[in-house]
Each structure stands twice: as C-alpha cells, then as structure tokens.
Amino acid sequence: MAGGLALVPAAFLALVAAGAFLPLAVLALPDAGAEIGDALGDPVIWRALRFTLLQAALSTGISLAFAVPVATAFYELRRFPGSGALLRLFVLPLALPQIVAVLAIVGLYGEQGMFSRLAESAGLGFPSIYGLTGILIAHVFFNMPLAVRVVLGALGSMPAEYDRLAHQLGMDFVSRFRFVVWPFMRPALMSASSLIFMLCVTSFTVVLTLGGGPRATTLEVAIYQALTFDFDIARAVLLAVIQVAVTALAFILLTRAGGEVSAGLTLGGLRSFPMRRGLLLRVASFAVILIGALFVLAPFLVIIWRGVAADLPGLAGQASVRAAVMTSLVLATLAALLAVTMSLMLATGIAKAAAARRFSGAPGKSERLLGQTSSLILVVPPVVIAAGWFIVIRRFGDVYAAAPLMVVIVNAAMAIPFAMRLLLPAAMSASERYDRLCRQLGLAGFARLRLVTWPLLRRVMWLALAFSLALSLGDLGVIAIFGSQDVQTLPYLILQRMGSYRTQDAAGLALILCVMTMVLMMIADRGGRQNERDRENG
C-alpha cells in the first residue's frame, strides 16, 4: 500500500520530466536527424554553453566571497538586537520573483539608476547593466543570502563547548576562525557552491532580461529563442539535451557535496553565549552585516519606491491586469494544491516504508530511490520541460490551448522538492508515533487521513501550500514558452510591459506581485520556525 501510494507522485514526476526527452526520442530524430547533425557545428550553441558555465562559475565564486564574511560576522555577534529580522530578510530573495528583482536591479544599477548616477557625478564610468555585469549582480543578490543561511545552519550545529573552549584558551579571531569555525564552515560552503552553481546554470529570467544580446545568452534562453523566434526545432532539441547534461552534472556535484535543493529555506537559531568580543571585532562584524543587509534590502526599497510612483489605480482598472492577476492566482493555487497533494502521498509512502523496518537499519534501495525522487525533477529545468512538451503538443494540437494545464503541472512538479522538505519530517514523526496504533485500531485510508494525518500535518501542509504558491506565482519559465494574449500571468505581463518600454506599468505590476509573494513567503518562514520549535520541544 505504501509503495503504491508513493508510486503515484513518482510516476507523475517521471511523466513531467519525460517531456524533455520525447521530442528527441519520438519526434525530432526521424524528421530532423540531419538538421541536428548540422546544428552540432553551430557556434551559437557552443557559445551559449561556454557563457552558461562562465556566468555560473563567476556567480558562485562572487556569492561565496561575499557570504563568508557576512556569515562569520553573524556568528561572531550572535543574537544582537534585530538579528532575527535580518536573518528573515535574507530568506526573502529566495522566493522573490526574478522578474521583479530584475526591475529593481535595473533601477539601482541601470543607466538612470542610483549607483550609475553617483558614479557619473564622481566622474567615474559604470558598466552597462545589460550583459555579464547585470547577470552577476542579480545572481549574487539571489544567492549570497542563500549561502549565508546554509553556512549559518552548519555553524548552528557546532557544539557549544567548542566556542567556549576557544575563549577559555584565549584564541584570537584568526585562530578561532581557522581551528573552530572553518572546519564547520568548509563542508557547508561546498554544499552551497554546488547548489548555487546549479541554480545559476538553470537561470532563465535573469539572463533573458539582462543578457543584452547573443554574447550573453545561456542554454535555456537559447532554447526559448530557438522556439519562439526562429522556430528551429533541431537546435532547440540539441540545446535541451546539452542543458540536461549540464544540469545533471551540477546535481551530481550537489549530492556528492551533501547539499539539498531546498537548503537555506529554514534556519535554526544560533546559540548565544555571555562572552565578550573585542570592540574592534564587534564594530567590524556589525559593519559587514550592515553592508550585506543593505545590498539585500536596497532592491526591495526600489520596488516599493518605483511601484508606489506608478499609476496603481490606473493599472487596477485595466482589464488585462485584472485578468493576469486572476490567472496567476488560479494557476498558482492549482499548482500548489497539486504539489502538496503529491508531496503528501510521496512523504507518506516513504514514512510507511521506514516504519515497516521499524526505523532501524539502513534504508533499502526502493526507499532511497523514493527519497531522491522529488529532487531528481530539478535535473530537468522547467524551460526544458516546457520546450519539450511544446514540441510534442504542437504535433497533435493547439499548444496555446494547453497553456494553463502545462503551467499548473510543471510548476507543481518544480515545487514538490521544496514541499517535501516541510512534509517529510512531519510524516516520518507521525508514522513513528501512530502507525502501530492505527494498525491495531484498523484505521486506514480516508479515516486515517481525517482522524490522524490531517490533525498532525495540518500546519505543515499549510506551510507547504504557502511556499509552493509563492514559487508558482513568480514563475516565468513555462509561461514564457506557452504564453499568449489569451493566457497571461503577472510575470508574463511584466515581461511584455518591459519589452514595450512601459517601465512605469512594469514597476507597478512588480510591486503587486512582490507583495503577493512576500506575504506568502513570510507566512511560510514564520510557520516553519514555529514548526521547528515544536519538533525541538517534542
């Protein structure tokens, strides 16, 4: 029963991911084998591959270079006034829609941005935001806070005696960092680096809007261009194969480093010790934290400032805006419900498999495979999945009529790994405590769901729903392939307004989308911290 329950979401994820390979296996090779062979010699493809790897490597290196001093400063100061609020600020970029962040970054660093004007008034030049510079700034904005939270999560697991003993021995900052902090930080940095590299390899919206031309195009953007502008099926299929290979390599590196795709979404509290730091160290640590916080906070302030300056009442009166908001809410809600349902089935199946061996001994192959199923979907990026299904559906019907269904299905599949991070620990705990009692009472199926599972997992399910809804609301990858005048979400409408140089409208829409996702994200983060405290208290 448990295996059958978990096989449903496993089959769902496999079917969704199969869309990336169907064009190659069924449609493309019989009709376009020669064209694919010709495409292998296309320099555009290999230039896109080189730029994909280059920007991912640079983004990862710069993000970690900034994250190490910020995380170290947080650890040195521990629970200073406002530390909790700052740590919650560092989680917000993880769910901020990328199209919204791009608008804010252009407002800060673009030709008319604050920093470019300051550089101009000082007689200095400022590089164009469009191209590698803008991509790196955007990726560091998203990934530096992620690395900080991953590192702080590792430092929070350090035994209290280590730090206390370091102070008793009179270690200075350099010695304490080298012999105490760094051994715990180094594995976390390896995990964070592989995770960030994977996220940057699959970055779509940032490169699409800030790429600035053929020389700054990644594989995913090249797939989008091959389908929407050139309609070159052979090139799109070849690019998709290369993208999956690169993403699979990044995923292997992530798993070997011990990382998780949902790392950084939650963070336990850091221990606080009544030990005095030197004044210079405290000032330097606070300055580093302040610089990091301003870097993360500035785009949010720009979003609010430019959004409020837009004609919000006028936007609210536009039928296209109302339709886009409603479409976004409906599709994101359906995707979130589907993601939570599938995640619950998978988590319950894994928990029952673990209970069958009484939570003792090593998990079997089938149990380990089920545990990895949810994360394996991320090997195939959503743009590649959408492109594959676009090619398949086009052969048999109207691709744009299938847009709502594809947006819901693909977004649900991509949200499952993050929902599983919340649901699986709760399902394992519930199964360990009540599985034997339910068998003795003969509770199964809907009766067990209503009387046992729902009361125990209700709060966690709401958290998973809120987080999945936030992720789905901000997605642009799938709708960029399937979107049309008849089916438009808020991110798609923002992209259209940006393309037609209606930046004020785009800023107003970005504020609306930002508020929607940030409210959901804060609910999920606060509830997640409460859930962790409940688990710690038994």
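Now for a look at the structure at hand. (Residues numbered from 1 in each chain as written. Predicted model: local features only at pLDDT ≥ 70, side-chain atom pairs only at ≥ 80, totals over all residues. Heavy atoms only, no water.)

Turning our eyes to something else, we now look at the overall build of the protein chain. For the protein chain, the helix and strand inventory stands at 22 helices and zero strands. Counting every position in the protein chain, which comprises 538 residues, the buried fraction comes to 54%. Across the protein chain, the fraction of contacts at a sequence separation of at least 24, relative to all contacts at a separation of at least 6, is 83%. Carbon and sulfur atoms form 65% of the exposed surface of the protein chain, whose accessible area is close to 23,800 Å². (Helix = DSSP H or I, 4+ residues; strand = E, 2+ residues; numbered from the N terminus. Buried < 20%, exposed > 50% of the residue type's maximum accessible area, 1.4 Å probe, protein only. Contact = heavy atoms within 4.5 Å. Areas by Shrake-Rupley, 256 points an atom, 1.4 Å probe, with all protein chains shown as cover.)

This brings us to the pattern of salt bridges. Charged atoms that come close allow side chains of opposite charge to pair. Within the structure shown, the criterion is met by two salt bridges. With a shortest N-O distance of 3.2 Å, Asp 505 and Arg 497 are connected by a salt bridge. Residue Arg 497 is classed as buried on the basis of its relative accessible area, which comes to 5%. Connected via shared salt-bridge partners are Arg 497, Arg 502 and Asp 505. (Salt bridge = Lys/Arg side-chain N within 4 Å of Asp/Glu carboxyl O.)

In this section: the packing of helix H9 (residues 173–201) against helix H12 (residues 233–256). Contact geometry of H9 with H12 gives a least axis separation of 8 Å together with a crossing angle of 165 degrees. In terms of orientation, H9 lies roughly antiparallel with respect to H12. Judged by the twist between their axes, the crossing of H9 over H12 is left-handed. Listed contacts from H12 to Ser 191, Ser 194, Leu 195, Phe 197, Met 198 and Val 201 of H9 are Gln 243, Val 246, Thr 247, Ala 250, Phe 251, Leu 253 and Leu 254. (Axes fitted to C-alpha atoms, helices over the stretch in contact; angles between N-to-C directions. Parallel < 35°, antiparallel > 145°, perpendicular 65-115°, else oblique. Left-handed = near helix turned anticlockwise from the far one by under 90°.)

Considering only enclosed or pocket space, the second largest pocket measures out at about 700 Å³ in volume. Considering the residues around the second largest pocket, the lining is formed by 21 residues, among which Val 106, Tyr 130, Met 498, Tyr 501 and Thr 503 are closest to the centre. Looking at the lining of the second largest pocket, the elements that each hand over two or more residues are helix H5 (98–109), helix H10 (205–210), helix H11 (219–230), helix H13 (279–309) and helix H21 (490–499). Of the residues belonging to the lining of the second largest pocket, the class tally is ten nonpolar, eight polar and three charged. (1 Å grid on protein atoms, 1.4 Å probe; cavity = no way out; pocket = protein on both sides within 12 Å on 5 of 7 lines; lining within 4 Å. Points joined across faces, edges and corners; volume = space filled by probe spheres on them. Nonpolar A, V, L, I, M, F, W, Y, C, P; charged D, E, K, R; others polar.)

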